[in-house]
Amino acid sequence: METIAVNTIDIAERLADAHDLSKTQAKSVVEDVLKGIAEAAAKGEEISLNGFGKFKVQNKPARDGRNPSTGATIKIAASKKIVFQPAKALKDAVNG
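Residues numbered from 1 in each chain as written. Predicted model: local features only at pLDDT ≥ 70, side-chain atom pairs only at ≥ 80, totals over all residues. Heavy atoms only, no water.

What follows is about the packing of aromatic side chains. A full pass over the atoms with the stated rule returns two aromatic pairs. Seen from their ring centres, F55 and F84 are 4.9 Å apart, and the 45 degrees between their planes marks the pair as tilted. Of this pair, F55 sits in strand β2 (residues 53-60) while F84 sits in strand β5 (residues 79-86), and the two are 29 residues apart along the sequence. (Phe/Tyr/Trp six-rings, centres within 6.5 Å; stacked < 30°, edge-to-face > 60°. Helix = DSSP H or I, 4+ residues; strand = E, 2+ residues; numbered from the N terminus.)

Next up, the structure:
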């Protein structure tokens, strides 16, 4: 199966065609939606999009790791990561 990447311009073009918007207007809408998701995630909020899924921020504790080239033990700092949990409808669409 070949992997095909979709970017914000592709999404904006689909939005423009579906809703009779200019490509510039549609691109602005897509960028605003993504900016809203990023801002909420930066605050640690959960973003829930019905029928699509949830974006959640998870804390990763500090841990010991290994430098693969030297084998030396290193400290990996605590961090946060954002995870996506797809909704059942999205899973069904992908698998159906």
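Here the focus is the sheet that holds β5. Taken together, the three strands give an open sheet; going across it, the order is β1-β2-β5, and neighbouring strands pair in antiparallel fashion. With partners counted over all chains shown, the strands left at the sheet margins are β1 (47-49) and β5, one partner each. Pairwise comparison of adjacent strand axes, ignoring direction, gives a mean angle of 25 degrees for this sheet. Pairing geometry for β1 and β2, over three bridges, is antiparallel. Counted as the bridge partner of S48 is K54 from β2. Docked against the sheet, helix α2 (residues 23-42) engages β1, β2 and β5, running at close to 140 degrees with respect to β1. (Pairing = 2+ DSSP bridges. Axes fitted to C-alpha atoms, helices over the stretch in contact; angles between N-to-C directions. Contact = heavy atoms within 4.5 Å.)

The next subject is the pattern of salt bridges. Applying the stated criterion to the full structure yields five salt bridges. Close ionic contact of K23 with E13 constitutes a salt bridge, the shortest N to O distance being 4.0 Å. Placement of the pair is K23 in helix α2 and E13 in helix α1 (residues 8-19), with a sequence separation of ten residues. Residue classification places K23 among the exposed positions, given a relative accessible area of 53%. On the basis of relative accessibility, which here comes to 30%, the residue E13 falls in the partly exposed class. (Salt bridge = Lys/Arg side-chain N within 4 Å of Asp/Glu carboxyl O. Buried < 20%, exposed > 50% of the residue type's maximum accessible area, 1.4 Å probe, protein only.)

Further remarks concern α1. Given 3.6 residues to a turn, an α-helix orients residues that are three or four positions apart in the same direction. With twelve residues, α1 extends 16 Å from end C-alpha to end C-alpha; this agrees with the ideal 16 Å at 1.5 Å per step. For α1, the side-chain oxygen to backbone nitrogen distance between the N-cap and I9 is 3.0 Å, and the N-cap itself is N7. Taken from the residues just after α1, D20 is the one with a positive phi, measuring 55 degrees. (Expected span 1.5 Å × (residues − 1). Polar contact = N/O pair within 3.5 Å; in protein donor to acceptor, adjacent residues only side chain to side chain.)

Once that is clear, we can look at the layout of surface pockets. Of the pockets and cavities examined, the largest pocket occupies roughly 280 Å³. Of all the secondary structure elements, the ones that give two or more residues to the lining of the largest pocket are α1 and α2. Looking at the lining of the largest pocket element by element, the count peaks at five residues for α2. Of the residues that constitute the lining of the largest pocket, the class distribution is ten nonpolar, no polar and no charged. (1 Å grid on protein atoms, 1.4 Å probe; cavity = no way out; pocket = protein on both sides within 12 Å on 5 of 7 lines; lining within 4 Å. Points joined across faces, edges and corners; volume = space filled by probe spheres on them. Nonpolar A, V, L, I, M, F, W, Y, C, P; charged D, E, K, R; others polar.)

These figures capture arrangement, not role.
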